[in-house]
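Listed below are the residues making up each chain.
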Amino acid sequence: MTVYLRQVAAIVRKDLLLEVRTGERLAAMGALTVLVAVLFHFAIDQGLVRMQLLAAGLIWMTILFGGMLGMGRTFEMEREQGAIQGLLTSPVPLDGIYLAKVVSNFILVTLIEVVALAAYWLFFGFNYGNDPLLLAGVLGVATLGFVAVTTLFSAISAQTNMGQTLLPILIFPLLVPVVIFGVTATGRIFASRPVQEVEGSLYLLAAFTVVALTAGTILFRYVVEE
Amino acid sequence: MSLARIRWMAAALGVLGVAGVLVLHWLVFFWVGTERTMGIVQRIFYVHVPAAWVTFLAFGITALCGAAYLWLRDERLDWAAQSAAEGGLIFGAIMLTSGPLWAAYAWGTPWTWEPRLTLTLLMWFVFVGYFLVRASAEDRQAGKRMAAVIGVLGALLIPLVHVSVLWFPSLHPQPVVLNVEEGPTLDGDMLITLMTGLLAFTLIFFSVFCLRYGLEHMRYQRALEMREQPRAT
């Protein structure tokens, strides 16, 4: 078990180191996140709608698009350089590779969420409610589910000649629960509603995340096997 | 199953299915009583519900055969999964076009975010993704495996999508749910017409399924022959 964890940690470390050195994905994701917020400013007539009421929806759509942009490249770089062969033939079990990719993507998307929350606060002065811990919990659980699905499908889209164009068509139908319960829960947290009103959504998000993560861990081997 | 037998089955099922559809249309247009509140548009029901049933059936077959393919790696399972998915896509399209036509009159709006509607729309898109991945995979074998993964994952997550949409806090009207669940309380003639529709559409589906399966079978045989030819000459 410890060997397994060490192997997973090694891949996570490699991915993050690569990200720190090149900054490729993070820069693109961060820029997109801020730019989407800018476009929303012009897309919505703030004389007609109070932005705060839309806050949860806007933030979630931004996270989804920003996250997808970066996660679509989870396996691209390794495929371009042929490094994927080395990774797949290494003694690390295939599910370990999947989990490592989920962890590194989770860290990236979490950073993007911080950028998104900051950008929306800066541009629109959003009020994020008075329970930052619960907010972090909901965002964490929902993000893990989102990342679990997207990482698996980015391994699929990387092996097609349509590449990342295919990714949203594959993941959006399956991410509906994340959007529904993510938006519901964060919306209520933003409105400082009592915890009881958030719990239900949180449990369903957790159920989705568990199913997605389990299915991804089991199915990943079939996607990448040679 | 031999190719000749598949062909024979496809033909037999096709003839029965087409006959069933002709009977269904006669029943729908000339025989069954007109529903009181919705009037004549309610007759779309007899096409819509069977199409929906076949779509769900097809998706189930695709998911099961996909999972079995990943496990056993028998090409025939992949042919079956693919054939069912194609049928599902077509019947799904019938359902998704007949539904709004009916709803436009019955509810006064072509689309509402009613759970069943949303679910079937999303399911249809999972089918679309299934074929996009198959068609664009750089490696054919990988394409088959990835398509199977989509089928399985779709089947696992679709129930969750269904639950989420059910609990989505909005004002979704209930009439369609009642309409569908009213099945047993339907008038006798309506029930007979609906059952005819279900039978006819299922027969047509399996006929198309056999045809499609036979085609894959032939392609496979041809590929084998092509591989052997250079050695023979």
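Calculation criteria
Residues numbered from 1 in each chain as written. Chains lettered and ligands numbered in written order. Predicted model: local features only at pLDDT ≥ 70, side-chain atom pairs only at ≥ 80, totals over all residues. Heavy atoms only, no water. Helix = DSSP H or I, 4+ residues; strand = E, 2+ residues; numbered from the N terminus. Buried < 20%, exposed > 50% of the residue type's maximum accessible area, 1.4 Å probe, protein only. Contact = heavy atoms within 4.5 Å. Expected span 1.5 Å × (residues − 1). Axes fitted to C-alpha atoms, helices over the stretch in contact; angles between N-to-C directions. Parallel < 35°, antiparallel > 145°, perpendicular 65-115°, else oblique. Left-handed = near helix turned anticlockwise from the far one by under 90°. Nonpolar A, V, L, I, M, F, W, Y, C, P; charged D, E, K, R; others polar. Patch = residues over 30% accessible without salt bridge, like charges linked within 9 Å, V, L, I, M, F, W, Y side chains within 5 Å. Areas by Shrake-Rupley, 256 points an atom, 1.4 Å probe, with all protein chains shown as cover. Salt bridge = Lys/Arg side-chain N within 4 Å of Asp/Glu carboxyl O. Polar contact = N/O pair within 3.5 Å; in protein donor to acceptor, adjacent residues only side chain to side chain. Phe/Tyr/Trp six-rings, centres within 6.5 Å; stacked < 30°, edge-to-face > 60°. Core = buried A, V, L, I, M, F, W, Y, C linked by side-chain atoms within 4.5 Å.

*Asks:* What is the right way to read the overall build of chain B from this model?
*Replies:* The helix and strand inventory of chain B stands at seven helices and zero strands. Counting from the amino terminus, chain B carries its helices and strands in the arrangement α-α-α-α-α-α-α. Burial analysis of chain B (233 residues in total) assigns 51% to the buried set. Of the contacts made within chain B by residues no fewer than 6 positions apart, 79% connect residues no fewer than 24 positions apart.

*Asks:* Help me out: how do you make sense of helix α7 (residues 132-157) of chain A in this one?
*Replies:* Side chains of residues three or four places apart in an α-helix project in the same direction, reflecting 3.6 residues per turn. For α7(A), built from 26 residues, the straight-helix expectation of 38 Å at 1.5 Å per residue is met to within 8% by its first-to-last C-alpha distance of 36 Å. With 19 of its 26 residues buried, α7(A) lies for the most part within the structure.

*Asks:* Honestly, the packing of helix α2 (residues 45-72) of chain B against helix α3 (residues 75-106) of chain B in this entry has me stumped. Any pointers?
*Replies:* How two helices sit against one another is set out by the angle between their axes and by the gap between those axes. All names here are of chain B. Look at α2 against α3: their axes get within 7 Å of each other, and the N-to-C directions meet at 155°. As the angle between them shows, α2 and α3 are arranged roughly antiparallel. Of the two elements, α2 crosses α3, and the hand of that crossing is left-handed. Taken together, the residues of the contact of α2 with α3 sort by class into 20 nonpolar, eight polar and two charged.

*Asks:* I'm lost on the packing of helix α1 (residues 2-22) of chain A against helix α6 (residues 94-124) of chain A in this one. Help?
*Replies:* All names here are of chain A. Where α1 contacts α6, the two axes come as close as 8 Å, and the packing angle between them is 40°. Taken as axis vectors, α1 and α6 run oblique relative to one another. Between α1 and α6 the crossing geometry is right-handed. Across the interface between the two elements, Tyr4, Val8, Ile11, Val12, Lys14, Asp15, Leu16 and Glu19 of α1 pack against Asp95, Gly96, Ile97, Leu99, Ala100, Lys101, Val103, Ser104, Ile107 and Leu108 of α6. Of the residues contributing to the contact of α1 with α6, the split by class is eleven nonpolar, two polar and five charged.

*Asks:* I tried to follow a nonpolar patch on the surface on my own but got confused; where do I start?
*Replies:* Residue and element names in this part refer to chain B. On the surface, a nonpolar cluster with roughly 630 Å² of combined accessible area is contributed by Trp26, Phe29, Phe30, Trp31 and Ile192. The greatest single-element share of the nonpolar patch, amounting to four residues, is contributed by helix α1 (residues 3-31). By the secondary structure assignment, Phe29 is in helix α1. Its relative accessible area of 59% is what places Phe29 among the exposed residues.

*Asks:* How do you make sense of the interface of chain B and chain A when you look at a structure like this?
*Replies:* Listed as interface residues are 28 residues of chain B and, on the opposing side, 28 residues of chain A. Counting every contact that joins chain B to chain A gives three salt bridges. We note a salt bridge from Arg79(A) to Glu138(B), for which the minimum N-O separation is 2.8 Å. Remark: the boundary between chain B and chain A carries six residue pairs in polar contact (both at pLDDT 80 or more). Mapped by element, the contributors of at least two residues to the side of chain B that touches chain A are α4 (115-136) and α5 (140-167) of chain B. The element best represented in the side of chain B that touches chain A is α5(B), accounting for 16 residues. When the residues that make up the side of chain B that touches chain A are grouped by side-chain class, the tally is 21 nonpolar, four polar and three charged.

*Asks:* Explain the packing of aromatic side chains to me, please; I cannot follow it from the model alone.
*Replies:* The description of two aromatic rings rests on the distance between their centres and on the angle between their planes. All names here are of chain A. Overall, the coordinates contain 22 aromatic pairs over all chains when judged by the stated rule. With 5.9 Å between their ring centres and 85° between their planes, Phe65 and Phe172 make a pair best called edge-to-face. With a gap of 107 residues between them, Phe65 in helix α3 (residues 51-71) and Phe172 in the loop between α8 (167-171) and α9 (176-190) connect regions that are remote in the sequence. Using a relative accessible area of 28% as the deciding quantity, one classes Phe172 as partly exposed.

*Asks:* Looking at this structure, I do not really get the side chain of Asn105(A). What am I missing?
*Replies:* Residue and element names in this part refer to chain A. Mapped onto the secondary structure, Asn105 falls in helix α6. On the accessibility criterion, Asn105 (0% relative accessible area) is buried. Once you skip the residues sitting within four places of it in the chain, Asn105 turns out to touch Arg25, Met71, Thr74, Val147 and Thr151.

*Asks:* Looking at this model, I keep getting lost on the nonpolar core. Mind explaining?
*Replies:* Considering soluble globular proteins, one finds that nonpolar side chains tend to be buried as a cluster. Core analysis: the largest hydrophobic core is formed by 130 residues, its most contacted members being Tyr120(A), Phe126(A), Phe153(A) and Ile156(A). Ranked by residue count, the leading element in this core is α7(A), at 13 residues. Other than its neighbours up to four places away in sequence, Phe153(A) contacts Leu167(A), Leu170(A), Ile171(A), Leu174(A), Ile150(B) and Leu153(B).

From the geometry alone we can't say anything about function, so treat these as descriptive.
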